[in-house]
Amino acid sequence: MLALISFNLSAADCADSESFDLVLVVDSSASIPLSTLNQMKNASSEFVDLFDNETQKVGLVKFNYASTLLSSLTSDFDFIKSQISGISTDSYTNMGEGIREAKEESADNGRVDVDQYIVLLSDGVPNMMINQSGDSVICPHPTPANSTDCTDYALEMADEAKANGIKIFTIGTYSQND
């Protein structure tokens, strides 16, 4: 069961100014039960409703075995919410690719004069990655206490985002089956 998420944020909570760019990164791996996915999607849509489309932009990335940019940074929040509602689950948890995709979106399309954020929603530990040769690598039996190449890759992507000035917030979910 997903814990109730309550967002009581204003633009001032996220940045020194009201303007910022935020890429929402949503785990859509098969380990997420449908009821939890629906709660994640509802919470994400409610989160997007908090922002001001005059000064803030939101992008959307989903990840499972690969990452997909569902929306570039935009002030069309209705479009973002329609993309959120269409997210479905599939196979592995390639968190590193989700972070990489969000980092690249911020670098390519983020405004240089505003703060950049990534908000990552996930239920688990990365169990897949793409290596430097471009091959998919499955990391068996990952746990939060057991570092694997997949967790190292996700941390590497997060460190690169941080080095680029992007602040990352994570929201963990769980189901009763976890």
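To keep things clear, this report deals only with the structure shown in the data block.

What counts as what
- Here the residue numbering is sequential within each chain, running from 1 through the sequence in written order.
- pLDDT decides what is reported in this predicted model: residues at 70 or higher carry local features, side-chain atom pairs at 80 or more are listed and counted, and totals for whole chains, interfaces and linings draw on all residues regardless.
- As a convention, hydrogens and water are excluded, and side-chain values are obtained from all of the structure's heavy atoms.
- Each helix corresponds to a stretch of at least 4 residues labelled H or I by DSSP, and each strand to a stretch of at least 2 residues labelled E; elements are numbered beginning at the N terminus.
- Contacts are residue-level and defined by heavy atoms, with any inter-residue pair within 4.5 Å sufficient.
- Here the expected length of a helix is defined as 1.5 Å per residue gap, with one fewer gap than residues.
- Here the term buried applies to any residue with accessible area under 20% of the maximum for its type, exposed to any over 50%, and partly exposed to those in between, with areas from a 1.4 Å probe on protein chains only.
- Any carboxyl oxygen of Asp or Glu that lies within 4 Å of a side-chain nitrogen of Lys or Arg is treated as forming a salt bridge with it.

**A word on the side chain of serine 106**
Step number 1: When you line up the elements, serine 106 lands in helix H4 (residues 95-109).
Step number 2: The residues touching serine 106, leaving out its near neighbours within four places in the chain, are Val23, Leu73, Gln116 and Ile166.

**Thoughts on helix H2 (residues 34-49)**
Step number 1: Across its 16 residues, H2 extends 23 Å between first and last C-alpha, which sits within 8% of the 22 Å expected from 1.5 Å per residue.
Step number 2: All of the buried residues along H2 are Thr36, Leu37, Met40, Lys41, Ala43, Ser44, Ser45, Phe47 and Val48.
Step number 3: Next to the buried residues of H2 lie strand E1 (20-27), strand E2 (56-63), helix H3 (77-85) and strand E4 (115-122).

**Focus on the environment of leucine 24**
Step number 1: Residue position: leucine 24 is located in strand E1.
Step number 2: For the pair formed by leucine 24 and lysine 62, sequence separation is 38 residues and the distance between their alpha carbons is 8.3 Å.
Step number 3: Discounting residues that sit within four places of it in the chain, leucine 24 has contacts with Ser44, Phe47, Val48, Gly59, Leu60, Val61, Ile84, Val119 and Leu121.

**Here we look at the pattern of salt bridges**
Step number 1: Evaluation of the coordinates by the stated rule reveals seven salt bridges.
Step number 2: The salt bridge partner of arginine 111 is aspartate 21, with a shortest N-O separation of 2.7 Å. Linking arginine 111 in the loop between H4 and E4 with aspartate 21 in strand E1, this pair joins segments that are 90 residues apart in sequence.
Step number 3: Note on aspartate 21: relative accessible area 0%, which makes it buried.
Step number 4: In this structure, the salt-bridge partner of glutamate 97 is arginine 100, at a minimum N-O distance of 2.8 Å. Here arginine 100 and glutamate 97 lie together in helix H4, a separation of three residues that amounts to about one turn.
Step number 5: Taken together, the shared-partner salt bridges in this structure form one network comprising Glu97, Arg100, Glu101 and Glu104.

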